[in-house]
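# Chains, contacts and geometry: an overview
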Amino acid sequence: MDEKDRPKTWRDFLVQTSAQVAGGAVLAILIASLPYLVSQFSVVTTVVALGALGFGTSVVAFVFGFKRRHRLARQLMPTESVPITHDAQSPSSPFLLNLPIIGRNVEINIDLSLAMRADHEVRIGFGDLNARREALGLMSYYDALRYIPVSYSRETGKQGSFVIGVAPIDYSVFAMINDPMAPPEIRSSTLQRLLALKRISSSIRAEWKSGHVGLLGSQTCLVTSDKRILLRKRGANVLFARDRWDVSVSGFCGRDDVLGNGTQLDFSRTIEHETTREIGHVRGDPRRIQPVGLTRNLRTGAIDILAYWQIESTSMELARLLTMRPGSMNRVFDTEIKAIERYVWDSKNLIVNLGRSDISYAWTKCGVQAKDFEPQSLLCIDLTLERLMDQKKPSFLDAWEGI
């Protein structure tokens, strides 16, 4: 964040006003003393003395301004580079770090000692943020417990699982860092609290230093029994990717997804719960949820488990959970039935055949393009087509990068 782009605070106003008053007083004294200086010294000497005084004042102002800008840069800008490496099986996207997951086992370990809970400052700022949202006609956030990734491993854990380390975090803390309407001074102090945590992956810490902080979430393609897929356009009430197209279901891991011992998360519970909250009760066995990858968006910090779920519901049954009118293929329709999750009430929907050419045809017919999606959503669609239909090319993610 540049100094010129940083929102002004009352401290900035006080400092700037004081400096202007002091400068005006010094200038008034110089003007009043000018006849005395001219009478005591030559005109040339007087001009040189005043010039030296002005130069000295400029130097002092520059030094203090530089120190202030440097302090802000230390707080908000990265101090080490982000290592971007790609798995041999992953697309060479400059926006995504893609780690393919082979097999169903994903081990998500919770480190309770790294919990980031809301302090008094965050609670005050969170209330102010919600008041601003409501003034704009947006829904307020609720302060649920979420989980933030602190490490992940390409190495396999016990029983051949992919290992992810996470820490609990209050959503209010996350919102203070990520929502542009949050007070900048609270954003800075909250980010410093996060950076003070120990045992964090160096690549994730580097992302945090650049202000890119992401929760552990999921992106899921629901595949119906008649081989169709639901795509949804996000509304205005969500924090990220507003008014952009998405996969069937996306959401963050929460308290309800914790296993009995309290130290592990079950991502399939996240997908099952989010499907129920965002769409309704579908007929499907959660044991058929299949992870296909873990992605980290290098632009936003979002970290998602990508998956598909072959459900037993038909596409007509799925449409009936979203609209009171007959759902039709290859046509965008509004969400008319309010699900438990209120943030998806203004979503739009599109049901298409599970096939690359069928999806492309539907997008063309409805005026949808690859650039209307986030890259991790396109990758989720690509991997679903690859696993279920053996369709690898041309990639939708490649089309997104080519725009």
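Each value, and the rule that gives it
Residues numbered from 1 in each chain as written. Predicted model: local features only at pLDDT ≥ 70, side-chain atom pairs only at ≥ 80, totals over all residues. Heavy atoms only, no water. Helix = DSSP H or I, 4+ residues; strand = E, 2+ residues; numbered from the N terminus. Expected span 1.5 Å × (residues − 1). Buried < 20%, exposed > 50% of the residue type's maximum accessible area, 1.4 Å probe, protein only. Salt bridge = Lys/Arg side-chain N within 4 Å of Asp/Glu carboxyl O. Phe/Tyr/Trp six-rings, centres within 6.5 Å; stacked < 30°, edge-to-face > 60°.

Relative to the 21 Å expected for 15 residues at 1.5 Å per residue, helix α10 (residues 375–389) spans 20 Å between its end C-alpha atoms, a close match to the ideal helical length. Of all the 15 residues making up α10, eleven are buried; the element is thus mostly covered by neighbouring parts of the structure. For α10, the complete set of buried residues consists of Pro375, Gln376, Ser377, Leu378, Leu379, Cys380, Ile381, Asp382, Leu383, Thr384 and Leu385. Asp390 lies just past α10 and shows a positive phi near 55°.

Right, let's talk about the pattern of salt bridges for a bit. Side-chain pairs of opposite charge can arise where the charged atoms are in close proximity. The final tally for this structure, using the stated rule, is 19 salt bridges. Between Arg228 and Asp226 there is a salt bridge; the shortest N-O distance is 3.8 Å. Using a relative accessible area of 32% as the deciding quantity, one classes Asp226 as partly exposed. We note a salt bridge from Arg325 to Glu336, for which the minimum N-O separation is 3.1 Å. Placement of Arg325 in the loop between α8 (315–320) and β12 (333–334) and of Glu336 in the loop between β12 and β13 (348–353) is noted, with a sequence separation of eleven residues between them.

Time to look at the packing of aromatic side chains. Evaluation of the coordinates by the stated rule reveals seven aromatic pairs. Pairing Tyr142 with Tyr343 gives two aromatic rings, centres 6.1 Å apart and planes at 25°, and the pair type is stacked. You can see Tyr142 sitting in the loop between α3 (120–135) and β3 (145–156) and its partner Tyr343 sitting in the loop between β12 and β13, a full 201 residues away along the chain. The partly exposed category is assigned to Tyr142, whose relative accessible area is 38%. Taking relative accessible area as the criterion, Tyr343 reaches 10% and is therefore assigned buried. A centroid spacing of 6.3 Å and a plane angle of 65° characterise the contact between Phe174 and Phe252, whose relative ring orientation is edge-to-face. Linking Phe174 in helix α4 (residues 171–178) with Phe252 in strand β8 (residues 249–252), this pair joins segments that are 78 residues apart in sequence. The class of Phe252 is partly exposed, set by a relative accessible area of 24%.

These values are about where atoms sit, not about what they do.
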